[in-house]
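If you want the building blocks of each chain, they are given just below.
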Amino acid sequence: MQVDILITNIGELLPMDKKGPVRGKAMSELTVWHDAAIGIKNDQVVWIGSGDEAKVLEASNVMDAKGRLVTPGLVDPHTHLVFGGSREKEMALKQQGIPYLEILKQGGGILSTVRATQAASFEELLEKALFHLDRMAMHGITTVEAKSGYGLDHDTEMKQLRVVKEANEKHPLDIVSTFLGAHAIPEDYKNNPEAFLVYMSELFEPIREERLAEFVDIFTETGVFSVPQSRRYLMKAKEMGFGLKIHADEIDTLGGTELAVELGAVSGDHLAVTSDEGIEKLANSDTIGVILPGTSFYLGKDDYARARQMIDAGAAIAISTDFNPGSSVTENLQLIMSIAALKLRLSPEEIWHAVTVNAAHAIGRGEVAGSIAVGRKADIVLWDAPNYLYIPYHYGVNHANTVIKNGKVIFERQAIR
Ligand SMILES: N=CN[C@@H](CCC(=O)O)C(=O)O
Ligand SMILES: [Zn+2]
């Protein structure tokens, strides 16, 4: 058999090819193949076998994994990719102990990024998004979700979503788009969040027509949108055929997790302060808990999502960077894997499920991303790591050596000596 790329000498291969989402105890059962090889032709994986068996293959490009780890490309299921400006000045406010929601209430936080995003041109936003996508790719991410939500008016929300669409066409990474027009209440609607939600829901139709988003999301939080408001808004979105997501129970325990389950959302995200009842409901539902421990870390909070209890109760969990300019400023999902190990007490086996197969399911890509299998698109990372335990263990640096997206090498670590 003739292949374009043959990856040989793989010390550990994680195929992550169980039918997902993988929940509860099964998240700690990881399949690991030793001495494996992978054949890629065009954009697909066409062959997987042992190093010995691979001798029958003819390849134009042979990649020696040098006995190290090879996994599916990582999937980041929750990011705020497109935004104007940056908020480094807020760090000092946080150090003074001013809470995240207080900064927002005073017109800062999300609202300051809204002003910068409204002021930025389409090209500026696109250039910036492509830059961050490059960084994600360098860190081993091959599929990513991206939300709007820094427009809060019709034109800017549509501008953000069109930037996502264009970035998806221009960049090798696959981007899954979510409409988060209900991300904060702008000044003009300060005393009338209901009217703002009606205004935002007027975009459902044009978004659907232009195929600009698959999911609709809302920030269900104190001072933002209540549970009944979120329910009404999301039900409208569901009737129009959108999948649902909720920023739920991030700072105050409002019951967003329970709402996500009630509405059959594909995911409930954050869940830092979800109640016992919410955990129970999540565990008995098809909704995936997307946990963002980097956000708890970056906001300096003691509340980390009780992901341990969620998995023990039988839930399916994914983890994500929550990349955004305010509450989690990193494109490095490997770092988040370390935080998940240290602060959520997830095992490495659970973490690998959470950044591959489960993350793919959390954005409706369970059948195409997050696994290595014959017939699938070849989204593969060769790591500078001897085994899968090593990535969460050695924290804060980039371990990706070679990143392959749709059968093409899109990143290779450059040798400096
Ligand atoms: N919590 C709401 N939205 C984002 C943060 C956005 C921002 O601070 O700019 C989040 O998921 O953490
Ligand atoms: Zn978010």
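Just so we're clear, the structure is a prediction, and the values are computed from it rather than from any experiment.

### Concerning helix 5 (residues 154-170)
Turning to step 1, where the next piece is worked out: Across its 17 residues, helix 5 extends 24 Å between first and last C-alpha, which sits within 8% of the 24 Å expected from 1.5 Å per residue.
Turning to step 2, where the next piece is worked out: Looking at the buried residues of helix 5, the elements they touch are helix 3 (110-119), helix 4 (122-138), strand 7 (141-147), strand 8 (174-182), helix 6 (193-201) and helix 7 (204-209).
Turning to step 3, where the next piece is worked out: Two to three positions downstream of the cap, the backbone nitrogen of Asp155 sits 3.2 Å from a side-chain oxygen, assigning the N-cap of helix 5 to Asp153.

### What about unusual backbone geometry?
For residues that are not glycine, phi is negative in most cases, and the peptide bond is trans in most cases.
Turning to step 1, where the next piece is worked out: The omega angle of the peptide bond from Gly20 to Pro21 is -5°, so this bond is cis rather than trans.
Turning to step 2, where the next piece is worked out: Counting through the fold element by element, Pro21 comes out in the loop between strand 1 (2-13) and strand 2 (33-41).
Turning to step 3, where the next piece is worked out: In the Ramachandran plot, Asp35 falls in the positive-phi region, its phi being about 50° despite a non-glycine side chain.
Turning to step 4, where the next piece is worked out: Mapped onto the elements of the fold, Asp35 is located in strand 2.
Turning to step 5, where the next piece is worked out: You will see that Lys66, though not glycine, has its phi angle at about 55°, which is positive.
Turning to step 6, where the next piece is worked out: By secondary structure assignment, the location of Lys66 is in the loop between strand 4 (58-64) and strand 5 (69-72).

### Quick look at the coordination of the zinc ion (ligand 2)
Turning to step 1, where the next piece is worked out: Bound to the zinc ion (ligand 2) are the protein donor atoms His78 (NE2), His80 (NE2), His247 (NE2) and Asp322 (OD), situated 2.0 to 2.7 Å from the metal.
Turning to step 2, where the next piece is worked out: One chain supplies every donor for the zinc ion (ligand 2), spaced along it as H-x1-H-x166-H-x74-D. Residue His78 is found in the loop between strand 6 (74-76) and helix 1 (90-95), and its partner Asp322 is found in the loop between strand 13 (317-319) and helix 13 (333-343); the two are separated by 244 residues along the sequence.

### Some points on the site of ligand 1
Turning to step 1, where the next piece is worked out: Around ligand 1 sit 16 residues in total, of which Tyr100, Tyr150, Glu250, Asp322 and Ser327 are the nearest.
Turning to step 2, where the next piece is worked out: The side chain of Tyr100 places a nitrogen or oxygen atom 2.5 Å from an oxygen atom of ligand 1.
Turning to step 3, where the next piece is worked out: A distance of 2.8 Å separates a nitrogen atom of ligand 1 from a polar side-chain atom of His183.
Turning to step 4, where the next piece is worked out: Here ligand 1 loses 100% of its free accessible area of 330 Å² to cover by the protein chains.
Turning to step 5, where the next piece is worked out: Partitioning the shell around ligand 1 into residue classes produces 4 nonpolar, 9 polar and 3 charged.

### Some remarks on the UniProt feature "binding site: N-formimidoyl-L-glutamate" (unreviewed entry) in the protein
Turning to step 1, where the next piece is worked out: Here the UniProt feature "binding site: N-formimidoyl-L-glutamate" (unreviewed entry) sits at Tyr150, Asn324 and Gly326. Taken along the chain, the residues just named run across 177 residues; in space they keep tight, none of their C-alpha pairs more than 11.6 Å apart.
Turning to step 2, where the next piece is worked out: Here Tyr150 is to be found in the loop between strand 7 and helix 5.
Turning to step 3, where the next piece is worked out: In this structure, Asn324 sits in the loop between strand 13 and helix 13.
Turning to step 4, where the next piece is worked out: A polar atom in the side chain of Asn324 sits 2.7 Å from the backbone oxygen of Asp322.

### A look at the nonpolar core
Turning to step 1, where the next piece is worked out: Counting residues in hydrophobic clusters, the biggest one holds 102 residues, and the most contacted among them are Phe179, Tyr233 and Trp352.
Turning to step 2, where the next piece is worked out: In terms of residue count, the dominant contributor to this core is helix 4 (7 residues).
Turning to step 3, where the next piece is worked out: Counting 16 residues, the second largest nonpolar core, distinct from the first, contains Ile38, Met63, Val70 and Ile372.

### Quick look at the pattern of salt bridges
In a structure, side chains of opposite charge can pair up when their charged atoms sit close to one another.
Turning to step 1, where the next piece is worked out: Tallied over the full model, the rule gives 21 salt bridges.
Turning to step 2, where the next piece is worked out: Two residues, Lys377 and Asp43, come together in a salt bridge whose shortest N-O distance is 3.8 Å. Residue Lys377 is found in the loop between helix 15 (357-361) and strand 14 (380-383), and its partner Asp43 is found in the loop between strand 2 and strand 3 (44-50); the two are separated by 334 residues along the sequence.
Turning to step 3, where the next piece is worked out: Connected through salt bridges with shared partners, the residues Arg68, Asp384 and Arg413 form a single ionic network.

### As for the packing of aromatic side chains
Turning to step 1, where the next piece is worked out: Per the counting criterion, the structure on display carries 11 aromatic pairs.
Turning to step 2, where the next piece is worked out: Centroid distance Phe83 to Tyr150: 6.3 Å. Interplanar angle 75°. Geometry classified as edge-to-face. On the criterion of sequence distance, the pair formed by Phe83 in the loop between strand 6 and helix 1 and Tyr150 in the loop between strand 7 and helix 5 is long-range, its members being 67 residues apart. Across the pair, Tyr150 and Phe83 agree in class, each one buried.
Turning to step 3, where the next piece is worked out: Here the aromatic rings of Phe83 and Phe323 are separated by 5.8 Å at their centres, their planes lie at 50°, and the arrangement is tilted. With a gap of 240 residues between them, Phe83 in the loop between strand 6 and helix 1 and Phe323 in the loop between strand 13 and helix 13 connect regions that are remote in the sequence. Like Phe83, the residue Phe323 is buried in the burial classification.
Turning to step 4, where the next piece is worked out: Ring-pair connections join several aromatic residues into one group, and the members of that group are Phe179, Phe204, Tyr233 and Phe242.
Turning to step 5, where the next piece is worked out: When the ring centre of Phe215 is taken as origin, the NZ or CZ atom of Lys245, which lies over that ring, is 5.2 Å away.

### Quick notes on helix 4
Turning to step 1, where the next piece is worked out: Here helix 4 is 17 residues long and its end C-alpha atoms lie 24 Å apart, about the 24 Å a rise of 1.5 Å per residue gives.
Turning to step 2, where the next piece is worked out: Regarding helix 4, the residues found buried are Leu125, Leu126, Ala129, Leu130, His132, Leu133, Met136 and Ala137.
Turning to step 3, where the next piece is worked out: Buried residues belonging to helix 4 abut helix 3, strand 7, helix 5, strand 8, strand 15 (400-405) and strand 16 (408-412).
Turning to step 4, where the next piece is worked out: Looking one or two places after helix 4, you find Gly140, whose phi comes out positive at around 95°.

### Concerning the packing of helix 4 against helix 5
Turning to step 1, where the next piece is worked out: At a minimum axis separation of 9 Å, helix 4 and helix 5 run at an interaxial angle of 50°. In terms of orientation, helix 4 lies oblique with respect to helix 5. Helix 5 is crossed by helix 4, and the crossing has right-handed handedness. On helix 5, the residues touching Phe122, Leu125, Leu126, Ala129, Leu130 and Leu133 of helix 4 are Lys159, Arg162, Val163, Glu166, Ala167 and Lys170.
Turning to step 2, where the next piece is worked out: Among the residues forming the contact of helix 4 with helix 5, the class breakdown is 8 nonpolar, no polar and 4 charged.

Cut-offs applied
Residues numbered from 1 in each chain as written. Chains lettered and ligands numbered in written order. Predicted model: local features only at pLDDT ≥ 70, side-chain atom pairs only at ≥ 80, totals over all residues. Heavy atoms only, no water. Helix = DSSP H or I, 4+ residues; strand = E, 2+ residues; numbered from the N terminus. Expected span 1.5 Å × (residues − 1). Contact = heavy atoms within 4.5 Å. Polar contact = N/O pair within 3.5 Å; in protein donor to acceptor, adjacent residues only side chain to side chain. Donors = N, O, S within 2.8 Å, 3.2 Å for Na, K, Ca; no water. Near = heavy atom within 4 Å. Areas by Shrake-Rupley, 256 points an atom, 1.4 Å probe, with all protein chains shown as cover. Nonpolar A, V, L, I, M, F, W, Y, C, P; charged D, E, K, R; others polar. UniProt positions renumbered as here; feature names shortened; annotations may be inferred. Core = buried A, V, L, I, M, F, W, Y, C linked by side-chain atoms within 4.5 Å. Buried < 20%, exposed > 50% of the residue type's maximum accessible area, 1.4 Å probe, protein only. Salt bridge = Lys/Arg side-chain N within 4 Å of Asp/Glu carboxyl O. Phe/Tyr/Trp six-rings, centres within 6.5 Å; stacked < 30°, edge-to-face > 60°. Lys NZ or Arg CZ within 6 Å of the ring centre and 35° of its normal. Axes fitted to C-alpha atoms, helices over the stretch in contact; angles between N-to-C directions. Parallel < 35°, antiparallel > 145°, perpendicular 65-115°, else oblique. Left-handed = near helix turned anticlockwise from the far one by under 90°.

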